[in-house]
Amino acid sequence: MWFQQVIREETGCAAYLIGSSETGECLVFDPLWDMEPYLQLAARKSGRIAHVVDSHSHADHVSGARRLVRSTGARLHLPRRIEVTYEASRLEDGEKLRLGEVEMEVLHMPGHRPEQINLLIRDLSRGPEPWCLLTADFLLVGDLARPDLAQDGRVGATVLFQEAIPRLRALPDHVEVYPGHLAGST
Amino acid sequence: MTADQPPRPANIQNIVAINQGRRPLTMDEPSAGRRSPSEVLDLIRKGRRVLDTRSPEAFGARHIPGATNVQLDGSEFEQRVGWMLSPDEAVVLAVEAHEAAQRAVRKLAFVGLDQGVEGYVEMEDWESAGLPTASLSQIDVDQLRGRLGRDGLKVLDVREASEWNRGHIPGALHLNFKHLPTRLGELPLGREDRLAVICASGMRSSTACSFLLRNGYRNLLNVTGGMRAWQNAGHPLAV
């Protein structure tokens with residue numbers, strides 16, 4: 001499995017490229033508007049971007065997902081509850097995406113936005129235990145995401161604490177956490 | 001639980017609308033075309049805003065009257081611009097050279113503000129054409145210290161509440177620069193007041209000054225070096 005965090009320092013945003021070393025298929029999670037970093041990374045591994053996922057409707061940056069899909073012919077996946085005007089396949093809670101030895105399980109983590117999803121990643125060539133969680137804007141460095149941007153803050157905070165956090169706590173302690181922001185943004 | 005959250009970013013409705021497909025996404029690389037000074041003068045008369053992306057020093061020396069200053073090469077350009085521009089507003093960039101304009105419009109694409117850009121003007125062209133310029137006086141922290149309490153000078157600190165709470169100039173007023181467009185009226189300030197504006201380093205304060213100038217404030221001083229220099233110099237702090 002290939003795993004690469006792609007940071008844009010100016011805005012503190014983190015996107016991810018995950019690929020199968022068996023099949024060369026790659027998935028890009030939460031790409032920014034500029035798609036060059038992902039195209040270059042995939043090319044360096046002789047991989048092919050086959051899937052693009054947006055974890056939620058971002059409010060701090062323009063998603064590059066549709067640009068990347070146009071450029072690569074990849075399939076666009078969005079959370080089931082997201083509201084968009086364009087076509088995409090929808091990801092259900094508990095659904096699994098498979099790229100060769102890499103398995104990615106969709107976890108619905110509401111609170112920041114109602115549709116927010118995370119991906120729980122397993123490298124089945126190493127074992128069946130999850131290896132890391134892409135938390136997007138649900139869980140940040142030393143903080144939880146803002147629950148008050150897309151909805152009333154109390155409503156957001158309630159589902160964040162009642163639904164999302166118990167799911168996080170149920171994961172094994174060794175699971176690594178990779179957030180969607182590092183610093184300098186919401 | 002959420003009362004202590006930082007302000008809600010002004011540009012988020014626009015970005016969400018783009019991401020949801022309700023507003024157009026910039027699919028191809030954007031670019032800004034060079035405009036002659038007379039074209040830009042014409043656009044300004046039609047209500048276009050000038051976004052000056054040069055340094056506070058350059059802006060302070062000479063700028064197009066009414067321009068908004070957010071430094072391209074400073075930190076958080078994309079976020080800061082979002083507090084000053086409306087997503088529906090057409091803008092002309094004021095830059096040193098072509099390359100800066102292209103970098104600016106590309107950075108604006110990350111936050112969905114590129115589509116309003118109607119080109120750029122090089123400041124050298126503007127000055128050579130003999131068109132009017134304005135200036136913004138700059139003072140350093142030692143000069144500010146010497147002038148505190150004289151001539152009715154007021155100090156406005158435009159940093160985040162968290163920065164303000166860690167220490168500020170005694171007697172200063174506080175309003176986060178992000179709130180200027182919506183909450184300026186809450187400050188006990190008149191347009192004729194002598195006002196020194198300070199942030200951490202001198203960048204956000206220059207943005208704040210540009211907003212105040214655009215809104216008719218006349219006696220402004222931008223404090224270079226900001227609160228970092230103030231503290232390093234050992235000047236008094238209130239908490």
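Please read these numbers as outputs of a predicted model, since none were measured by experiment.

Procedures and definitions
Residues numbered from 1 in each chain as written. Chains lettered and ligands numbered in written order. Predicted model: local features only at pLDDT ≥ 70, side-chain atom pairs only at ≥ 80, totals over all residues. Heavy atoms only, no water. Helix = DSSP H or I, 4+ residues; strand = E, 2+ residues; numbered from the N terminus. Buried < 20%, exposed > 50% of the residue type's maximum accessible area, 1.4 Å probe, protein only. Polar contact = N/O pair within 3.5 Å; in protein donor to acceptor, adjacent residues only side chain to side chain. Contact = heavy atoms within 4.5 Å. Buried area = accessible area lost by both parts, 1.4 Å probe. Salt bridge = Lys/Arg side-chain N within 4 Å of Asp/Glu carboxyl O. Nonpolar A, V, L, I, M, F, W, Y, C, P; charged D, E, K, R; others polar. Domains from an automatic or database assignment. Pairing = 2+ DSSP bridges. Axes fitted to C-alpha atoms, helices over the stretch in contact; angles between N-to-C directions. Core = buried A, V, L, I, M, F, W, Y, C linked by side-chain atoms within 4.5 Å. pLDDT = per-residue confidence, 0-100.

A. Focus on the side chain of B:R204. Residues and elements named next belong to chain B. Within the fold, R204 resides in helix α10 (residues 203-214). You can call R204 buried: its relative accessible area is 9%. Within the structure, R204 has its side chain in polar contact with the side chain of E163 (distance 2.8 Å). Ignoring any residue separated from it by four or fewer positions in sequence, one finds R204 in contact with R80, V158, R159, E160, E163, F177 and C199.

B. Just the interface of chain B and chain A, in detail. The interface is formed by 30 residues belonging to chain B together with 31 residues belonging to chain A. Summing both sides of the interface, chain B and chain A together bury roughly 2800 Å²; the carbon and sulfur share of this comes to 53%. For the pair chain B and chain A, the interface holds four salt bridges. Across the pair B:E29 and A:R67 runs a salt bridge whose closest N-O atoms are separated by 4.0 Å. When contributions to the side of chain B that touches chain A are tallied by element, the ones reaching two or more residues are α1 (12-20), α4 (77-84) and α5 (98-110) of chain B. Looking at which element gives the most residues to the side of chain B that touches chain A, the answer is α1(B), with six residues. The residue makeup of the side of chain B that touches chain A, split by class, is 14 nonpolar, eight polar and eight charged.

C. Focus on the domain arrangement of chain B. Residue and element names in this part refer to chain B. Domain assignment breaks chain B into domain 1 (12-128) and domain 2 (137-232). Between the C-alpha centres of domain 1 and domain 2 there is a distance of 24 Å. Of the residues lining the interface, 17 residues belong to domain 1; the matching set on domain 2 comes to 14 residues. Summed over both sides, the interface between domain 1 and domain 2 buries roughly 1400 Å², with carbon and sulfur atoms accounting for 61% of that surface. Counting the surface domain 1 buries against domain 2, the share from its top three residues, R80, W83 and M84, is 41%. At the boundary of domain 1 with domain 2, the tally comes to four residue pairs in polar contact (both at pLDDT 80 or more).

D. Broad picture of the sheet that holds strand β7 (residues 173-174) of chain B. Residues and elements named next belong to chain B. Across the sheet, which stays open at both edges, the five strands sit in the order β5-β9-β8-β6-β7 with parallel pairing between neighbours. Because the sheet does not close on itself, it has two edges, and the strands there are β5 (137-139) and β7. By the bridge criterion, four bridges tie strand β6 (residues 154-157) to strand β8 (residues 194-198) in an arrangement that is parallel. From the neighbouring strand, K154 faces β8, where its bridge partner is L195. Packing against the sheet, α10 makes contact with β6, β8 and β9 (219-223), and its axis sits at approximately 170° to β9.

E. Looking closely at the environment of B:A17. Residues and elements named next belong to chain B. In this structure, A17 sits in helix α1. Overall, the relative accessible area of 4% leaves A17 in the buried class. Distance from A17 to G112, taken between C-alpha atoms, is 9.6 Å for residues 95 residues apart in sequence. In contact with A17, other than residues within four places in its own chain, are R22 and R23.

F. How the structure looks around the side chain of B:H63. Residues and elements named next belong to chain B. Tracing the chain through its elements places H63 in the loop between α3 (56-61) and β2 (68-69). Within the local environment of H63, its side chain forms a polar contact with the backbone oxygen of F59, the two atoms lying 2.7 Å apart. Apart from the residues lying within four places of it in its own chain, the contact partners of H63 are D52, R54, M123, P132, T133, A134, S135, L136 and L213.

G. Geometry of the nonpolar core. Membership of the largest hydrophobic core comes to 48 residues, with the highest contact counts inside it found for A:Y38, A:I49, B:V81 and B:L93. With seven residues, α5(B) is the largest single contributor of residues to this core. Ignoring anything within four residues of it in the chain, the contact list for A:I49 reads A:C26, A:V28, A:Y38, A:L39, A:A42, A:L68, A:T72 and A:A74. Counting residues in each nonpolar core, the second largest holds 33 residues, with B:L43, B:L156, B:V197 and B:L220 among its members.

H. Expanded view of the confidence of the model for chain B. In the predicted model, chain B carries a mean pLDDT of 95, and 97% of its residues have values of at least 70. The ipTM for the predicted assembly is 0.94, set against a pTM of 0.92.

I. Structural view of the sheet that holds strand β10 (residues 132-136) of chain A. Residues and elements named next belong to chain A. Taking strand neighbours across the sheet as the criterion, the five strands line up as β7-β8-β9-β10-β13 in an open arrangement whose pairing is mixed. Both edges of this open sheet fall to β7 (96-99) and β13 (176-179), since each of them pairs with a single strand only. Each adjacent strand pair in this sheet contributes to an overall mean axis angle of 20°, direction not counted. Alignment of β10 against β13, held across four bridges, turns out to be parallel. From the neighbouring strand, L134 faces β13, where its bridge partner is Y178.

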